[in-house]
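Listed below are the residues making up each chain.
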Amino acid sequence: MTPFPGSGLAKGLAVTLRTMTKKTVTEQYPDTQPDLPPRTRGVIGLFEENCTVCMLCARECPDWCIYIDSHKETVPAAAPGGRERSRNVLDRFAIDFSLCMYCGICIEVCPFDALFWSPEFEYAETDIRELTHERDKLREWMWTVPAPPALDPGAEEPKEIAAARKAAEKLAATQAAAQAAEVGQPESETAEPEPTEPPEGQS
């Protein structure tokens, strides 16, 4: 059946009429905060304890809005006769949010989970220079990062948690065996029970 001429226009006007009859709801921001989805890209938080100054985020950033400075420190040998090693120490980590396009590449490429999305978006400034957040301010945003969603009950245990649990169980078993060897088993457990004679009248 071919549609009659003007049917498309009639359907469009019907949608318009249905929309016009509905009550308009306006969220009175900032008195009423918006209900944002959990994966909102608001601002980037830095967990600097995980940062190894690998520079991957700065190299992959298409806007070149990440600034990182560091220096090397010599770490003494952990055991006598061992070799000293050097490690990078973070001096500066800054993100210029006036240039950032919120693509999330820096968070995706970070191999050590040092960058996270926060849903906070109220950080407008009257001075554009204030939109460059140094590492102290980026660390403060970490307190607003939501917790990761719960795992599916039917999902497998994460490899990191399984490895840590096995290592903890192995260590606990080793410590228990060492304590048992030091203390020794009680004599009542090791001594053989004495044979008892049957009462008189019983064979």
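As the structure is a computational prediction, the values presented were derived from the model and not from experiment.

Below, the discussion takes up the overall build of the chain. Across its full length, the chain carries 6 helices and 5 strands. Overall, the chain shows an N-to-C arrangement of helices and strands of α-β-α-β-β-α-β-β-α-α-α. Considering only residue pairs separated by 6 or more positions, the chain has 71% of its internal contacts joining residues 24 or more positions apart. A total accessible area of about 16500 Å² is found for the chain, and carbon and sulfur atoms account for 56% of it.

Our next topic: the nonpolar core. Ranked by internal contacts, the top residues of the largest apolar core, which has 26 residues, are Ile44, Ile66, Ile68, Phe93, Ile95, Phe97 and Leu115. Those elements giving two or more residues to this core turn out to be strand E1 (43–46), helix H2 (56–60), strand E2 (66–75), strand E3 (85–96), helix H3 (105–109), strand E4 (115–118) and helix H4 (135–141). Not counting residues within four places of it along the chain, the set of residues in contact with Leu115 comprises Ile44, Gly45, Leu46, Cys57, Phe93, Cys106, Ile107 and Cys110.

Applying the stated criterion across every chain, the model contains 7 salt bridges. Among the ionic pairs, Arg87 bridges to Glu73, the shortest N-O distance being 3.5 Å. Of this pair, Arg87 sits in strand E3 while Glu73 sits in strand E2; the two residues are 14 residues apart in sequence, bridging distant segments of the chain. By relative accessible area, Arg87 is classed as partly exposed at 40%. Residue Arg129 pairs with Asp127 through a salt bridge whose shortest N-O separation is 2.9 Å. Residue class for Asp127 comes out partly exposed when judged on its relative accessible area of 25%.

A cluster of nonpolar side chains, contributed by Tyr29, Leu36 and Phe121, occupies part of the molecular surface with about 270 Å² of accessible area. Topologically, Phe121 is positioned in the loop between E4 and strand E5 (132–133). You can call Phe121 partly exposed: its relative accessible area is 36%.

Remark: a regular strand shows side chains that alternate across the two faces of the sheet. The alternating pattern of E1 places Val43 and Gly45 and Ile44 and Leu46 on opposite faces, both of which are buried. Both E1 and E4 contribute to a ladder of 4 bridges, which runs antiparallel. Note that in E4 the partner of Ile44 across the bridge is Trp117.

A separate point is the sheet that holds E3. Remark on secondary structure: sheet strands pair via backbone hydrogen bonds, oriented parallel or antiparallel. The strand order across the open sheet formed by 3 strands is E2-E3-E5, and the pairing between neighbours is antiparallel. On the outer flanks of this sheet lie E2 and E5, each paired with one strand and no other.

What counts and how
Residues numbered from 1 in each chain as written. Predicted model: local features only at pLDDT ≥ 70, side-chain atom pairs only at ≥ 80, totals over all residues. Heavy atoms only, no water. Helix = DSSP H or I, 4+ residues; strand = E, 2+ residues; numbered from the N terminus. Contact = heavy atoms within 4.5 Å. Areas by Shrake-Rupley, 256 points an atom, 1.4 Å probe, with all protein chains shown as cover. Core = buried A, V, L, I, M, F, W, Y, C linked by side-chain atoms within 4.5 Å. Buried < 20%, exposed > 50% of the residue type's maximum accessible area, 1.4 Å probe, protein only. Salt bridge = Lys/Arg side-chain N within 4 Å of Asp/Glu carboxyl O. Patch = residues over 30% accessible without salt bridge, like charges linked within 9 Å, V, L, I, M, F, W, Y side chains within 5 Å. Pairing = 2+ DSSP bridges.

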